[in-house]
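Here are the chains, one letter per residue:
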Amino acid sequence: MSSTGSYKARQFNLSGLKGISDQTLEMHFKLYEGYVKETNNLTEKISAFIGDAKVDQEEMPAYSELTRRLGFEYNGMVLHEYYFDNLQSGGGIGDPSKTSEFMNAATASFGSYDVWKADFVGIGKMRGVGWAICYQNPANGRLSNHWITLHETGNVAGFTPILVMDVWEHAFLLDYKPAERPKYIEAFFTNIAWDAVEERLKKGKGVQTARA
Ligand SMILES: [Fe+2]
């Protein structure tokens, strides 16, 4: 492996969520570990190609394929960490407190928390395989919600993930039918660790008046 070292899968204690079973989480942790492993594998294989400080023409097809897969595996690893980190063992409080930074940011960016939530939930219900992510633009504090296809298509460079919701079917299939994604989204909201969300906002530049 390269001198930067390999990634280690993190451990998460999320037992007792409401509406998302421990069985689902155990399976989900295993999938996450797979992304960590593949991120390391790809990095190692690519390191082997570039060890001689050049990419030979005949190596180009294999090198390209491995490199193209990096975005999928890396984002698969990192987004799952954001997702597990914004869930709270034992279940959360539902909506954030009225005086929270998040409430201020959502109101400044969308007019109200309810409008922000309608957008975020709407994205979560979109057909396809992916994620709903609320990002903050560190340049002006503004929040915006985005649909991410697979793990890597639709992320905004430089924006900070504030709230990350996995809507791949594996996130809920043991607990709900495929068509019951709205029920899973409802369950997700009851388990949000709003303290973790607040921390992410505070690590950014803070909430400023949203501007175009
Ligand atoms: Fe997932």
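Residues numbered from 1 in each chain as written. Predicted model: local features only at pLDDT ≥ 70, side-chain atom pairs only at ≥ 80, totals over all residues. Heavy atoms only, no water.

## What about the packing of aromatic side chains?
Applying the stated criterion to the full structure yields 22 aromatic pairs. Ring geometry for Tyr113 versus Trp194: centroids 6.5 Å apart, planes at 70°, classification edge-to-face. On the criterion of sequence distance, the pair formed by Tyr113 in helix H4 (residues 113–124) and Trp194 in helix H6 (residues 194–203) is long-range, its members being 81 residues apart. Across the pair, Trp194 and Tyr113 agree in class, each one buried. (Phe/Tyr/Trp six-rings, centres within 6.5 Å; stacked < 30°, edge-to-face > 60°. Helix = DSSP H or I, 4+ residues; strand = E, 2+ residues; numbered from the N terminus. Buried < 20%, exposed > 50% of the residue type's maximum accessible area, 1.4 Å probe, protein only.)

## Thoughts on the side chain of His28
Within the secondary structure layout, His28 lies in helix H1 (residues 22–50). At a separation of 2.8 Å, a polar atom in the side chain of His28 contacts the side chain of Asp166. In this structure, His28 is in contact with His80, Tyr83, Phe84, Asp166, His170 and Ala171, ignoring residues within four places of it in sequence. (Polar contact = N/O pair within 3.5 Å; in protein donor to acceptor, adjacent residues only side chain to side chain. Contact = heavy atoms within 4.5 Å.)

## Quick notes on the sheet that holds strand E3 (residues 160–166)
Reading across from one edge, E2-E1-E3 is the order of the three strands in this open sheet, with antiparallel pairing throughout. At either end of the open sheet lies a strand with only one pairing partner, and these are strand E2 (143–149) and E3. Ignoring which end each strand starts from, the neighbouring axes of this sheet average 25° apart. Inspection of the sheet shows strand E1 (residues 130–136) paired to E3 by six bridges, in the antiparallel sense. Residue pairing in the sheet places Tyr135 in a bridge with Pro161 of E3. (Pairing = 2+ DSSP bridges. Axes fitted to C-alpha atoms, helices over the stretch in contact; angles between N-to-C directions.)

## Side note on the coordination of the iron ion
The protein atoms that coordinate the iron ion are His28 (NE2), His80 (NE2), Asp166 (OD) and His170 (NE2), at distances of 1.9 to 2.2 Å. Here the donor residues of the iron ion share one chain and are spaced in sequence as H-x51-H-x85-D-x3-H. Placement of the pair is His28 in helix H1 and His80 in helix H2 (residues 60–85), with a sequence separation of 52 residues. Its relative accessible area of 0% is what places His80 among the buried residues. (Donors = N, O, S within 2.8 Å, 3.2 Å for Na, K, Ca; no water.)

## A closer look at the layout of surface pockets
Taken as a whole, the largest pocket spans an internal volume of roughly 160 Å³. For the largest pocket, the lining is made up of 13 residues, of which Phe12, Leu14, Leu25, Glu26 and Phe29 are closest to its centre. (1 Å grid on protein atoms, 1.4 Å probe; cavity = no way out; pocket = protein on both sides within 12 Å on 5 of 7 lines; lining within 4 Å. Points joined across faces, edges and corners; volume = space filled by probe spheres on them.)

## A look at the pattern of salt bridges
Taken as a whole, this structure holds six salt bridges when the rule is applied. The salt bridge partner of Arg10 is Asp85, with a shortest N-O separation of 2.9 Å. Taken together, the positions of Arg10 in the segment before H1 and Asp85 in helix H2 put the pair 75 residues apart, joining distant regions of the chain. The residue Asp95 makes a salt bridge to Lys117 at a minimum N-O spacing of 3.2 Å. Of this pair, Asp95 sits in the loop between H2 and helix H3 (101–110) while Lys117 sits in helix H4, and the two are 22 residues apart along the sequence. Residue classification places Asp95 among the partly exposed residues on the basis of a relative accessible area of 36%. The structure contains a network of salt bridges with shared partners spanning Asp52, Lys54 and Asp56. (Salt bridge = Lys/Arg side-chain N within 4 Å of Asp/Glu carboxyl O.)

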